[in-house]
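Notes for the structure review
Chain residues, written in single-letter form:
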Amino acid sequence: MAELHIDLTISKSKTAEMIDDAWFWEGNKAELRPYLGVSLIGHHCPRYLWLNFRWFSWDVQEGRMLRLFRRGQREEETVVSDLRMIGMELDHVLDDQLDMDFGCHVKGHPDGIILSGVPEAPKSPHTLEIKTHNRESFNELEAKGVMEAKPMHYAQMQCEMLGSSKTLGLKIERALYVAVSKDDDRLYTERIRLDRPYAQSLIKRGQDIAVSDYMPSPISTRPDWWQCRFCRFHDLCHGGKLLPEVHCRTCIHFTAEKDGRCTCACYGGKEIPLEAQRKGCPCHVFHPDMVPAWELIRERSTQDSACYRVPELGDVLNGWEGYPSEDIKAAAGRGEHGTENISAESDPVDF
Ligand code: SF4
Ligand code: SF4
């Protein structure tokens, strides 16, 4: 009898890998936020908020994480449909979210406005916030409530109530928080009351941070401090090893003006278009606060360029009279010694 050959090798496909790769490239092309969003405004560290607003580093996500975010966004459609099913009248949901501008670069976008139909106060308008949670986070939320378990969500809703009243001319003093457990579809809902002085203090905090020319102090100088240990800026705050990306917001010439414009001192205070901010220009000079391991030699700096004592390279003039930031960063990152490998100076550009 002929021998039967059955191939038991598992034939894995590259499809999953390709989907993650495609998401990586598509998702990370998404625009960096040009404003300080109220979804972050309750963060415990002012320095973290400032560095985020200044795009210190690109928060690049892997494809799997981006697909996970998409799942969260899809949940919004489901929740909106469920709320409508029980008779709530909703406006400004999904692709039509309110754009709330608090001034001084602070903005917010609630997930929706409930005009009527919340069981405990059917005629009162509410702002709506929808969040997905894993099992652990959901259980904590059920046990402690939003203010204690999710203080950043609580802060976000406070700002959104304040901003919605102003934007829509409605008196909104309540928010509805809808939480969905991703593991088992349990729902948790809670009504939040507006705390006006707290909301106003949060907005003021965000505005002050956004327009600050200087990096705020760290919340701790201890590298093992619990709130710093897993922060993505840990190696900047505790050791100065992390170097910033090169674009307008990490440049000494950049100013976030109180009227919401972003201007450049090197170009006579002209407003910098958003697209140009992302690219920067050859006149870029690292903001000294963002390179704490490099000593600024003031007497050798000029109005347009800064002289830094870079541990790997020695004294380097940074700016269009000297060496471009990208090249200094690359040479320092490669651990080169001396400036021989850094390319020549470049000319300013128009924007
Ligand atoms: S490492 Fe600590 S001080 Fe630095 S940004 Fe993060 S939380 Fe703030
Ligand atoms: S000098 Fe160039 S990189 Fe710096 S803020 Fe002005 S335009 Fe942007």
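It should be noted that the structure appears before, not after, this text.
Below is a short write-up of the structure.

The rules behind the values
- Residues numbered from 1 in each chain as written.
- Chains lettered and ligands numbered in written order.
- Predicted model: local features only at pLDDT ≥ 70, side-chain atom pairs only at ≥ 80, totals over all residues.
- Near = placed C-beta within 6 Å.
- Helix = DSSP H or I, 4+ residues; strand = E, 2+ residues; numbered from the N terminus.
- Pairing = 2+ DSSP bridges.
- Core = buried A, V, L, I, M, F, W, Y, C linked by C-beta atoms within 7 Å.
- Buried ≥ 20, exposed ≤ 12 C-beta atoms within 10 Å, placed from the backbone.
- Contact = placed C-beta atoms within 7 Å.
- Axes fitted to C-alpha atoms, helices over the stretch in contact; angles between N-to-C directions.

All right, on to the site of ligand 1 then. Neighbouring ligand 1 are the residues Cys45, Arg47, Tyr48, Pro218, Ile219, Gln227, Cys228, Cys231, Phe233, His234 and Cys237. Secondary structure elements with two or more residues in the shell around ligand 1: α2 (46–53) and α8 (234–237).

Taking strand neighbours across the sheet as the criterion, the three strands line up as β9-β10-β11 in an open arrangement whose pairing is antiparallel. For this open sheet the edge positions go to β9 (254–256) and β11 (270–271), each flanked by a neighbour on one side alone. Strand direction decides the pairing type here: β9 and strand β10 (residues 262–264), joined by three bridges, are antiparallel. Within the sheet, the bridge partner assigned to Thr255 lies in β10 and is Thr263.

With that out of the way, let us pick up the nonpolar core. Among the nonpolar cores identified, the biggest contains 72 residues, and Cys159 and Tyr177 are the most heavily contacted of them. In contact with Cys159, other than residues within four places in its own chain, are Val38, Ile41, Gly108, Ala199, Leu202 and Ile203.

What follows is about the sheet that holds strand β1 (residues 36–37). Here we have three strands laid out as an open sheet, ordered β1-β4-β3, and mixed in their pairing. Both outer strands of the open sheet, β1 and β3 (100–103), are each paired with one neighbouring strand and no more. Pairing geometry for β3 and strand β4 (residues 106–108), over three bridges, is antiparallel. By the bridge assignment, Asp101 is partnered in β4 with Lys107. Of the strands in this sheet, β3 and β4 touch helix α6 (residues 151–168), which is tilted by about 100° from β3. In this fold helix α7 (residues 196–211) packs onto β1, β3 and β4, with an angle of close to 130° to the strand it touches most, β4.

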